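Chain residues, written in single-letter form:
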Amino acid sequence: MTKQRIGIWIIGAWGGVSTTAAIGLLSLQKGLTGTSGLVSEHPYFEKLDLVGWDQVVIGGHEIRETSFVEAAKHFSETSGVFHPALLQAVEPELNEFDKNVKPGTLIHVGDTIRSLAGDSVKQYDQESLQDTLARLSADMTEFQKQHDLAHVVVVNLASTEPPVEESAKALSLAELKEQLASAETSPVPASALYAIAAMNAGCSHLNFTPSAGTDLPALIELAEEKQILHGGRDGKTGETLMKSVLAPMFAHRNLNVMSWVGHNIFGNLDGKVLDDPVNKSNKVHSKDHLLTEILGYKPQTLVSIEYIESMGDWKTAWDHIHFKGFLDTKMSLQFTWQGTDSVLAAPLVLDMVRFTEREWRRGNRSGVMTHLSSFFKSPMQATTPEFERQYQQLEEWANTVSEE
Ligand SMILES: NC(=O)c1ccc[n+]([C@@H]2O[C@H](COP(=O)([O-])OP(=O)(O)OC[C@H]3O[C@@H](n4cnc5c(N)ncnc54)[C@H](O)[C@@H]3O)[C@@H](O)[C@H]2O)c1
């Protein structure tokens, strides 16, 4: 099948990562930036014939009332990330993208996320669950038709929800379908509802957040039934990326890690939402579990995430790793990671969309894309937690695809 225009439908369209992805995409289209930070631009993947940047258009769902330009200006002012001249150069196209942004849903998002919502989305408070699903799906289909897109990849970049209720994890697909009759009986959070809407609209789905998304048994089943490609969850962009690279080193040298402490401070909107202990617990779990998986035992661990407003989008992670070497000698490694959260995340979103479109164009239209494991903190159905091995799986997939 030949390459055609594609769409990225972003849940949380006016958030930090999404806005950076939109500015990044337009800067690439206009030749205003280089390609560093983009995995899909690595020469290894040239053979894949990935979709061109100029073939991509953005739309999405939101709950706040703002715009790409307003969000970008706020970012520039608080974190100094985009050069004003760059912003000015892409402003007309960002305004066009705004026209593709529709009100989303607040079903089971928790109080902290609800407190961000504007009137455009609150007008749907009384809508039935079935109507919400139909509306969200129709928005995606309309976007595809209006822009004449061969395929749409839905990416969840919305604020992190509270952990999903245990009852939702236990649902079979048949039970889920029954419960979807009403929001009162359904424990399914917004992130999963968007995923169901995406599947109903025939879109692929990527979950860049720790929220449930498609990572529920019933949704995995639904994706198979509907022949949908999907992947998640929680983008691996900074501290956890370091963990998944460093922990194998300790394991392979048989150095016993006694404790691993990671303190994270940052001040963007994501940090503000994660300041709610309930929402935070979802993220902490996602950042913590892989050490045990890689090392084969559980060292004492502590992950802290603190909202420090003055930091804006600049995240600092300080990690202290206390380990034991030969003759039981105790030693330590410390590192400090300082990065712009959204600038680290946005290129990975663009990469994964391109890789997903390529898999879809290949004719494989169903199941979890395990070759994208290296992009996620908690990759679904991953066969290894180690970054290097996960990256090799991406290269192996690229080899297979290019030989077809
Ligand atoms: N490096 C990174 O930035 C990074 C890494 C891994 C994961 N993530 C995750 O990606 C997500 C986005 O991060 P961000 O920094 O852009 O956050 P953000 O707070 O800037 O953006 C989130 C956006 O989602 C919107 N939103 C919230 N609930 C919604 C809903 N139900 N429907 C539609 N929109 C909704 C918010 O209004 C906001 O605009 C977060 O969940 C974050 O934890 C980010």
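Reading the values: the criteria
Residues numbered from 1 in each chain as written. Predicted model: local features only at pLDDT ≥ 70, side-chain atom pairs only at ≥ 80, totals over all residues. Heavy atoms only, no water. UniProt positions renumbered as here; feature names shortened; annotations may be inferred. 1 Å grid on protein atoms, 1.4 Å probe; cavity = no way out; pocket = protein on both sides within 12 Å on 5 of 7 lines; lining within 4 Å. Points joined across faces, edges and corners; volume = space filled by probe spheres on them. Nonpolar A, V, L, I, M, F, W, Y, C, P; charged D, E, K, R; others polar. Helix = DSSP H or I, 4+ residues; strand = E, 2+ residues; numbered from the N terminus. Domains from an automatic or database assignment. Contact = heavy atoms within 4.5 Å. Buried area = accessible area lost by both parts, 1.4 Å probe. Salt bridge = Lys/Arg side-chain N within 4 Å of Asp/Glu carboxyl O. Polar contact = N/O pair within 3.5 Å; in protein donor to acceptor, adjacent residues only side chain to side chain. Pairing = 2+ DSSP bridges. Axes fitted to C-alpha atoms, helices over the stretch in contact; angles between N-to-C directions.

Within an unreviewed UniProt entry, the label attached to the protein reads Inositol-3-phosphate synthase, and the organism entered is Gimesia fumaroli. Turning to the protein, the UniProt record has this under Sequence similarities (unreviewed entry): "Belongs to the myo-inositol 1-phosphate synthase family."

Participant: Which residues make up empty space enclosed by the protein, and what are the values?
Facilitator: The final tally for this structure, using the stated rule, is one cavity of 30 Å³ or more. Here the largest cavity is characterised by a volume of approximately 30 Å³. In terms of lining, the largest cavity is formed by Gly231, Gly232, Val368, Met369, Thr370, Leu372, Ser373, Phe376, Pro379 and Met380. For the lining of the largest cavity, the per-class residue count stands at six nonpolar, four polar and no charged.

Participant: So what's going on with the layout of surface pockets? Residues and values would help.
Facilitator: Taken as a whole, the second largest pocket holds about 590 Å³ of empty space. As for the second largest pocket, its lining consists of 27 residues, and the residues nearest its centre are Ser36, Gly37, Leu38, Val343 and Pro347. Contributing elements (two or more residues each) for the lining of the second largest pocket: helix H1 (16-29), helix H14 (341-362) and helix H15 (387-403). Element by element, the count of residues in the lining of the second largest pocket is highest for H14, at six residues. Counted by class, the lining of the second largest pocket contains 17 nonpolar, nine polar and one charged residues.

Participant: Go over the domain arrangement of the protein, please, and point to the residues and values.
Facilitator: When the parts of a complex come together, some accessible area is lost, and that lost area is often taken as the interface size. Once the domains are mapped, the protein shows domain 1 (6-235 + 343-403) and domain 2 (239-339). A straight line from the C-alpha centre of domain 1 to that of domain 2 covers 26 Å. Facing 24 residues of domain 1, the contacting portion of domain 2 comprises 27 residues. Summing both partners gives a buried area of about 2100 Å² for domain 1 against domain 2, and 59% of it is carried by carbon and sulfur. Per-residue buried area on domain 1 facing domain 2 is highest for Thr160, Lys377 and Pro385; these three make up 26% of the total on that side. For the interface between domain 1 and domain 2, the tally reads zero salt bridges. In this assembly, domain 1 and domain 2 are joined by six residue pairs in polar contact (both at pLDDT 80 or more). For the side of domain 1 that touches domain 2, the secondary structure elements donating two or more residues are helix H2 (68-79), helix H4 (111-114), H14 and H15. Looking at the side of domain 1 that touches domain 2, the element that brings in the most residues is H2, giving three residues.

Participant: Provide a residue-level description of the sheet that holds strand E8 (residues 300-307), including the pertinent values.
Facilitator: With mixed pairing, four strands are arranged side by side in an open sheet as E8-E7-E9-E10. Looking along the sheet, the strands with just one partner apiece sit at the ends: E8 and strand E10 (330-340). Taking the axes of each pair of neighbouring strands and ignoring which way they run, one obtains an average angle of 10 degrees across the sheet. Here strand E7 (residues 256-266) pairs with E8 via eight bridges, running parallel. For tryptophan 260, the partnering residue across the bridge sits in E8 and is threonine 301. Those strands touched by H14 are E7, strand E9 (314-324) and E10, and its axis lies near 80 degrees from that of E10.

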